[in-house]
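Structural characterization, general
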Amino acid sequence: MNIYDKYETVIGLEVHIQLLTNSKAYSSDSAEYGALPNTHVSVITLGHPGTLPKANKKVIEYAVRLGLALNCTITRENMYARKNYFYADLPKGYQITQDKTPICRGGHITIKDKDGNERVIHLTRIHMEEDAGKSIHDQDPFDTLIDLNRAGVALLEIVSEPELKNADEAYSYLSEVRKLVRHLDICDGNMEEGSLRCDANVSVMLKGSKTFGRRVEVKNMNSIRNVKLAIEHEIKRHIDLIEAGGTVDQDTRSFDASKGTTFSLRSKEMANDYRYFPEPDLPPVIVSVDYIEKIRSTMPALPDELFNKYKKELHLSDYDASFLTESKTIASYFEDLIQKTSNYKAAANWMMGTVKNYLNENAITIDQFPLPAHQLSALIKLVDDGKVSSSVASQTIFPALIKDPGQTPLKIAETLNLIQESNTGALQELIKEALQKYPDKVLEYKNGKTGLIGHFMGEVMKLSKGKADPKVANELMKKELEK
Amino acid sequence: MSPKIDKDTVDRLAHLARLEFNETEKAELVQNMNRMLVFVDKLNELNTDKVEPLIYMCDEVNILREDVMKVTITQKEALMNAPQKDSDYIKVPKVVDNKK
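Residues numbered from 1 in each chain as written. Chains lettered and ligands numbered in written order. Predicted model: local features only at pLDDT ≥ 70, side-chain atom pairs only at ≥ 80, totals over all residues. Heavy atoms only, no water.

1. Looking at the environment of alanine 400 of chain A
Residue and element names in this part refer to chain A. Definition in use: Here a helix means four or more residues in a row that DSSP labels H or I, a strand means two or more in a row labelled E, and each is numbered from the N terminus. For the exposure calls, accessible area comes from a 1.4 Å probe over protein chains only, and a residue counts as buried if that area is under 20% of its type's maximum, exposed if over 50%, partly exposed in between. Any two residues whose heavy atoms approach within 4.5 Å at even a single point are treated as in contact.
Inspection of the secondary structure assignment puts alanine 400 in helix α10 (residues 390–403). Given the relative accessible area of 21%, alanine 400 is considered partly exposed. For the pair alanine 400 and aspartate 168, spaced 232 residues apart in sequence, the C-alpha to C-alpha distance is 44 Å. Those residues in contact with alanine 400, other than ones at most four positions away along the chain, are Ile412 and Leu416.

Shown next, in the form of structure tokens:
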């Protein structure tokens, strides 16, 4: 037995999401990313004495929205707390966060394990807090540079129970979180720019053990893939250490993406004594039942709900349903589309085929897609009515429509002379003409060589210049041959 | 009353505040801080068993602000009080070493 199989892993994730607010959590300076250093600041952000923070309404709204989406209990009476630590990018000397009254408690996220089974991962809490500034250590040879634009930007921290069992589950959990926060329009989910960050608490223990192994926290992973790699590395490192007779140190480590390894941040800097106490500068926030219900009524359908709807009501496959719910914009386009056509399977196929390819080839997202849903549904109808074949629709009419989105698909099909011949009388003539050309082959067919029908059909298509409706023509042809 | 603050407490607090003291200063701090605690201990003479902790000076709740962005100071003003700076950044002594 592989030594690694003797152990089981316990992972808990702390995910920080930066909220899409205009202003910061407790002050009015801009929360926008990417400005010139130290331009999005105020005396509050800079921690000047005598200044008073004031909480941003939007942060409460977003926190409740996320909490409802994750089935959390919303805390009615919220207080803020100070988490004290000394660091140059934290001008006040404390972070305003929540300690004993996180705005959301409990709740869960459903993920799929590697066998495709659903697993429910419980959440401990979600609380509101503010971001710190940015320390830049590698630009100046002697000093650390401080940019306080990010200081005070609103964050929600989502803390999971230690229920994830491996790196793949962590990957899947994070993907779900990102999909959801994007769907709720509360965070852009961009890990590279740091608007979604994840710290992983990892420990290993012998299978069946009741006591968790010593826990290591890993930070600084700027993509979901790196979170997975960092966790895989940690698991192996822990087991190797234990198998070699050593012990794992409780530690905070940073992921080095270039090497795929982690290194210790252990130092006196990490002394964890935050001396939490209630923040007296911010009065409590009372969340009423009315308020919660008001937020609930404005919630969009969630990816999970849409997924189930697409599967159960529209009878789409898992694969189709998960593609269509992966991003909010795709989902809402599709929602629009299925209001206008009842051929759901065709609608899904268009989205996943022609439309997706078009978006990929032009490196654009569905928001920039030039065709409104009613044009696509008209195109689907054109095929369903047997006016054009689906390949003509996607290869010829679709590009023409993109070039001239004001035109209707039918008009284009007529102008380009693409309407299929499904007029039985006209087709009958063509079929007769085709069969008359090959009397010998017709005889062979009648003697059992039925494969020849393809040959006759080819002739009909040729005579009709590709416009014969193949389905209708095929049936007429069979009847004609059986005469 | 036995002293609650000893040199170890001072060392720990000094580290958390990133401050450095010599031995004479530390001895002085031990004394000072103990005096403060004794002073505040006076309050412990009152029975507060049934009193909720007082956190807020008024009972207002839900004092919130609309999510509207405002520019209140310039970059130049922001950097004005920094002891060390360049045209864009506040500069502080390096707090990590770059050798990984």
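2. A look at the side chain of glutamate 279 of chain A
This is how it is decided: Any pair of N or O atoms that falls within 3.5 Å is considered a polar contact. Within protein, one atom must be able to donate a hydrogen and the other to accept it, and sequence-neighbouring residues count only if both atoms are side-chain atoms.
Tracing the backbone through its elements, the reader meets glutamate 279 of chain A in the loop between β17 (277–278) and β18 (285–286). Among the polar contacts made by the side chain of glutamate 279 of chain A, one reaches the main-chain amide nitrogen of aspartate 281 of chain A at a distance of 2.9 Å. Beyond its immediate stretch of four places on either side in the chain, glutamate 279 of chain A contacts Tyr80, Ala81, Arg82, Tyr94 and Ile96 of chain A together with Tyr56 of chain B.

3. Looking at the packing of aromatic side chains
Residue and element names in this part refer to chain A. Applied cut-off: Put simply, two rings from Phe, Tyr or Trp (the six-membered ring, in Trp's case) pair if the centres are within 6.5 Å, and we call them stacked under 30 degrees between planes, edge-to-face over 60, tilted for the rest. Cation placement over rings: the criterion is NZ of Lys or CZ of Arg within 6 Å of the ring centroid and within 35° of the ring normal.
According to the stated counting rule, one finds ten aromatic pairs over all chains in the structure shown. Aromatic side chains tyrosine 358 and phenylalanine 398 sit 5.9 Å apart centroid to centroid with 80 degrees between the ring planes, which places their arrangement in the edge-to-face category. Highlighted residues: tyrosine 358 in helix α8 (residues 344–361) and phenylalanine 398 in helix α10, separated in sequence by 40 residues. With respect to class, tyrosine 358 is no different from phenylalanine 398; both count as buried. Grouping aromatic residues by their ring pairs yields a cluster made of Tyr333, Trp350, Tyr358, Phe369 and Phe398. Directly above the aromatic system of tyrosine 94 lies the positively charged group of arginine 82, at a separation of 4.0 Å from the ring centroid. The residue whose ring lies beneath lysine 83 is tyrosine 274, and the NZ or CZ to ring-centre distance is 4.3 Å.

4. Considering the interface of chain A and chain B
Inclusion rule: Accessible area that two parts lose when put together, with a 1.4 Å probe and added across both, is what the buried area reports. When a carboxyl oxygen of Asp or Glu lies within 4 Å of a side-chain nitrogen of Lys or Arg, that pair is called a salt bridge. Classification convention: Asp, Glu, Lys, Arg as charged; Ala, Val, Leu, Ile, Met, Phe, Trp, Tyr, Cys, Pro as nonpolar; all other residues, Gly among them, as polar. Strand pairing is defined by DSSP finding a minimum of two bridges between the two strands.
Opposite the 57 residues of chain A that make contact, chain B presents 37 residues. Both sides together, the interface formed by chain A and chain B hides about 4200 Å², and carbon and sulfur atoms give 57% of it. Among the residues of chain A in contact with chain B, Ser28, Lys57 and Phe86 of chain A are the three that bury the most area, contributing 13% of the side total. At the surface where chain A touches chain B, the tally comes to four salt bridges. Between aspartate 140 of chain A and lysine 91 of chain B there is a salt bridge; the shortest N-O distance is 3.4 Å. Seen at the junction of chain A and chain B, the total is 23 residue pairs in polar contact (both at pLDDT 80 or more). Elements with a contribution of two residues or more to the side of chain A that touches chain B: β2 (55–56), α1 (57–69), β11 (143–147) and β18 of chain A. In terms of residue count, β11 of chain A provides more of the side of chain A that touches chain B than any other element does, five residues in total. Looking at side-chain class alone, the side of chain A that touches chain B contains 28 nonpolar, 14 polar and 15 charged residues. Taken together, the two bridges between β2 of chain A and strand β1 (residues 64–65) of chain B define a ladder with parallel strand orientation. Counted as the bridge partner of alanine 55 of chain A is leucine 64 of chain B from β1 of chain B.

5. Describing the nonpolar core
All names here are of chain A. The test is simple: To define a nonpolar core, start from buried Ala, Val, Leu, Ile, Met, Phe, Trp, Tyr and Cys residues and group those joined through side-chain atoms within 4.5 Å.
If you look at the biggest cluster of nonpolar residues, it comprises 69 residues, and the most contacted ones within it are Leu13, Val15, Ile17, Leu66, Tyr173 and Ile231. Per-element accounting of this core gives the leading share, eight residues, to α1. Among residues more than four places away in sequence, those in contact with tyrosine 173 are Leu13, Val15, Ile109, Ile111, Ile121, Leu123, Ile158, Ser160 and Leu164. Ala331, Leu359, Ile397 and Leu418 belong to the second largest nonpolar core, which has 40 residues in total.

6. Structural notes on the domain arrangement of chain A
Short version of the rule: Domain start and stop points were drawn from an automatic or database domain assignment.
Examined at the domain level, chain A breaks down into domain 1 (3–290), domain 2 (301–415) and domain 3 (424–481). For domain 1 of chain A versus domain 3 of chain A, the separation of C-alpha centres amounts to 68 Å.

7. Here's the deal with a nonpolar patch on the surface
Residues and elements named next belong to chain B. Which entries qualify depends on this criterion: Patches in this entry comprise residues that are over 30% relatively accessible and not in a salt bridge; like charges within 9 Å are linked, as are nonpolar side chains (Val, Leu, Ile, Met, Phe, Trp, Tyr) within 5 Å. Accessible areas in this description were obtained via Shrake-Rupley with a 1.4 Å probe; residue shielding takes into account the shown protein chains only.
A surface patch of nonpolar side chains, about 360 Å² in accessible area, is lined by Phe39, Val40 and Leu43. With respect to the helices, strands and loops of the structure, valine 40 is situated in helix α2 (residues 23–41). Owing to a relative accessible area of 45%, valine 40 belongs among the partly exposed residues under this scheme.

8. Regarding the sheet that holds strand β6 (residues 94–97) of chain A
Residues and elements named next belong to chain A. Judged by pairing direction, the sheet is antiparallel, and its three strands sit side by side in the order β6-β5-β17 without closing on themselves. At either end of the open sheet lies a strand with only one pairing partner, and these are β6 and β17. Alignment of strand β5 (residues 81–84) against β17, held across two bridges, turns out to be antiparallel. Residue arginine 82 lies in a different strand from β17, and its bridge partner there is phenylalanine 277.

9. Things to note about the sheet that holds strand β10 (residues 134–136) of chain A
Our working rule: To get an axis, a line is fitted to the C-alpha atoms, and for a helix only the part in contact is used. The angle between two axes follows their N-to-C directions and goes from 0 to 180 degrees.
Taken in spatial order, the three strands make up an open sheet running β10(A)-β11(A)-β2(B), and their pairing is antiparallel. With partners counted over all chains shown, the strands left at the sheet margins are β10 of chain A together with β2 (90–93) of chain B, one partner each. Direction aside, the axes of adjacent strands within the sheet are offset by 35 degrees on average. Two strands pair when backbone bridges link them, and β11 of chain A and β2 of chain B are joined in this way by four bridges, in the antiparallel orientation. In the strand pairing of β2 of chain B, threonine 144 of chain A is matched with valine 92 of chain B.

10. Observations regarding the packing of helix α2 (residues 167–183) of chain A against helix α3 (residues 224–243) of chain A
Residue and element names in this part refer to chain A. Our working rule: Any angle between 65 and 115 degrees counts as roughly perpendicular, while under 35 counts as roughly parallel, over 145 as roughly antiparallel, and the rest as oblique. A crossing counts as left-handed when the near helix is turned anticlockwise from the far one by less than a right angle, and as right-handed when that turn is clockwise.
Where α2 contacts α3, the axes come no closer than 9 Å and their chain directions differ by 155 degrees. Classified by the angle between their axes, α2 and α3 sit roughly antiparallel to one another. At the point where α2 passes α3, the crossing takes the right-handed sense. Across the interface between the two elements, Ala167, Asp168, Ala170, Tyr171, Leu174, Ser175 and Arg178 of α2 pack against Ile224, Arg225, Val227, Lys228, Ile231 and Glu232 of α3. For the contact of α2 with α3, the per-class residue count stands at seven nonpolar, one polar and five charged.

11. Regarding the pattern of salt bridges
Opposite charge on two side chains allows them to pair when their charged atoms are near. This model, assessed by the stated rule, comprises 40 salt bridges over all chains. For arginine 119 of chain A, the salt bridge identified is with glutamate 169 of chain A, shortest N-O distance 2.5 Å. Placement of arginine 119 of chain A in strand β9 (residues 118–130) and of glutamate 169 of chain A in helix α2 is noted, with a sequence separation of 50 residues between them. The two residues arginine 119 of chain A and glutamate 169 of chain A agree in class, both being buried. For the salt bridge of aspartate 273 of chain A with arginine 12 of chain B, the shortest nitrogen-to-oxygen distance reads 2.6 Å. With aspartate 273 of chain A in the loop between β16 (261–264) and β17 and arginine 12 of chain B in helix α1 (residues 7–16), this residue pair bridges two chains. Residue aspartate 273 of chain A is classed as partly exposed on the basis of its relative accessible area, which comes to 23%.

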